[in-house]
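# Examining the three-dimensional arrangement
The residues making up each chain are set out below.
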Amino acid sequence: MKHSYKVMNAKIGAQEDLKKKDCIFEPKLDGFRALCYVNKDTALISRNNLTFYYELNVRRAIKAHTCVLDGELIAFDTKGNPSFTAFQEGYPIHYAVFDILMKNGRVLVHEPLMERKKILAQTIQQNQDISIIPFATNGPALWRSMMKHHMEGVMVKEKYAPYYMGKRSATWLKVKRHGSVDCVIVGYIQKKRIISSFALALYNQNKELVYFGNVGTGMDEPLLSKLYPKLERLKTDKLPLDAATNKKIIWVKPKFACEIKYAELTRHNKFRSPVFLRLRTDKPLSECTIKDQLPRLARRKS
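Rules used throughout
- Residues numbered from 1 in each chain as written.
- Predicted model: local features only at pLDDT ≥ 70, side-chain atom pairs only at ≥ 80, totals over all residues.
- Heavy atoms only, no water.
- Helix = DSSP H or I, 4+ residues; strand = E, 2+ residues; numbered from the N terminus.
- Buried < 20%, exposed > 50% of the residue type's maximum accessible area, 1.4 Å probe, protein only.
- Pairing = 2+ DSSP bridges.
- 1 Å grid on protein atoms, 1.4 Å probe; cavity = no way out; pocket = protein on both sides within 12 Å on 5 of 7 lines; lining within 4 Å.
- Points joined across faces, edges and corners; volume = space filled by probe spheres on them.
- Nonpolar A, V, L, I, M, F, W, Y, C, P; charged D, E, K, R; others polar.
- Core = buried A, V, L, I, M, F, W, Y, C linked by side-chain atoms within 4.5 Å.
- Contact = heavy atoms within 4.5 Å.

## What to know about unusual backbone geometry
- We note that Asn49 has phi near 70°; this positive angle belongs to a residue other than glycine.
- On the secondary structure map, Asn49 appears in the loop between strand E4 (42–45) and strand E5 (51–52).
- Residue Asn49 is classed as partly exposed on the basis of its relative accessible area of 47%.
- For His150, which is not glycine, the phi torsion reads 55° and is therefore positive.
- Checked against the element boundaries, His150 lands in the loop between helix H3 (139–148) and strand E10 (153–158).
- Under the relative-accessibility criterion, His150 is labelled exposed at 61%.

Pasting the structure below:
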């Protein structure tokens, strides 16, 4: 089966969106997005078309000759909560499915969400390696539960919307516990460590990289040791926009993305109190944009 399907992406939402009508609400899980192509065997493909190699007992659980599923690769911590830390530490991987795009040759992306949910429920027989992400009709109640368990947030999805392949649509909204952004790594600073901080940038509407500051908290030594030689080979004299003031940065060509959380933006549009969360090897750099991740800032600049 050709890997020709493209994931649909969500826009940024706010807590008031948890009260929207004609919507369902799903837990937002902290893992890696993956499409699962099912034929005689299965293939897990990231949104930038890389293959995930995890041995999961999922084929017998899928009641279809062929299908394409959309979901999240996750790992559970000792408390039973999805945790990216558990993912990094080698806990067993689980595929949590939330949508179905094709079944037995029938393309389903034009069907309304609730019809796709019905077909998905008929297709998956859940086991220890695969499950269907549950949904709720009470957004605020789900949010309170997610916050109680220190989980990432809530997805808001319109019941009657189709699946917009390869697009970012407001029919899906992600409401996060903390502000987080996927950034392009455009440089690094060396002080007490081989890498003391990463320089971060986002693409503007003209597809130019704009500098948003540095992150120096949250990176561990194994990550830095592995990434340093790769960044060394990417050194460049080309600076992103708004970056000329910081002369300590060793600039690199854009190749790696990372997710950071932050308290707020400063008046100079730099991240305040940023914390490194993870590399985003599963995400195309082209999705690290101001428009999609900091929409209020994008509107002010337009």
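Still to come is the rest of the account.
## Overview of the pairing of strand E16 (residues 257–261)
- With 4 of 5 residues buried, E16 is to be regarded as a mostly interior element.
- Where strand E12 (residues 180–189) lies against E16, 5 bridges are found, and the strand directions are antiparallel. Following the sheet pairing, Ser180 is matched in E16 by Lys261.
- Examined bridge by bridge, E16 and strand E19 (residues 275–279) share 4 bridges and lie antiparallel to one another. Its bridge partner being in E19, Lys261 is matched across the sheet by Val275.

## Some thoughts on the layout of surface pockets
- If you add up the space inside the largest pocket, you get close to 1200 Å³.
- In terms of lining residues, the largest pocket is bounded by 45 residues, among which Phe84, Gln88, Leu277, Arg278 and Leu279 are the most central.
- When residues of the lining of the largest pocket are traced back to their parent elements, those giving at least two are helix H1 (84–88), helix H4 (221–232), E16 and E19.
- With 5 residues, H4 is the single largest residue contributor to the lining of the largest pocket.
- In the lining of the largest pocket, the residues fall into 19 nonpolar, 11 polar and 15 charged.
- If you add up the space inside the second largest pocket, you get close to 570 Å³.
- Lining of the second largest pocket is provided by 24 residues; of these, Ile12, Gly13, Gln293, Pro295 and Arg296 occupy positions nearest its centre.

## Points about the nonpolar core
- Within the largest apolar cluster, 42 residues are counted, with the highest numbers of intra-cluster contacts made by Phe198, Leu202, Leu231, Phe271 and Leu294.
- Looking at this core, the elements that each hand over two or more residues are E12, strand E13 (197–203), strand E14 (209–215), H4, E16 and E19.
- Sorting elements by how many residues they give to this core places E12 first, with 7 residues.
- Those residues in contact with Leu231 that lie beyond four places of it in its chain are Tyr188, Ile195, Phe198, Val252 and Phe256.
- By size, the runner-up hydrophobic cluster in this structure holds 31 residues, among which are Val7, Leu29, Val109 and Tyr163.

## As for the environment of Lys174
- With respect to the helices and strands, Lys174 occurs in strand E11 (residues 168–176).
- The buried category is assigned to Lys174, whose relative accessible area is 14%.
- Between the C-alpha atom of Lys174 and that of His150, which follows or precedes it by 24 residues, the distance is 16 Å.
- With near-sequence residues (within four places) excluded, Lys174 lies in contact with Ala10, Lys11, Ile12, Gly13, Lys28, Val154, Met155 and Arg168.

Structural measurements only, silent on function.
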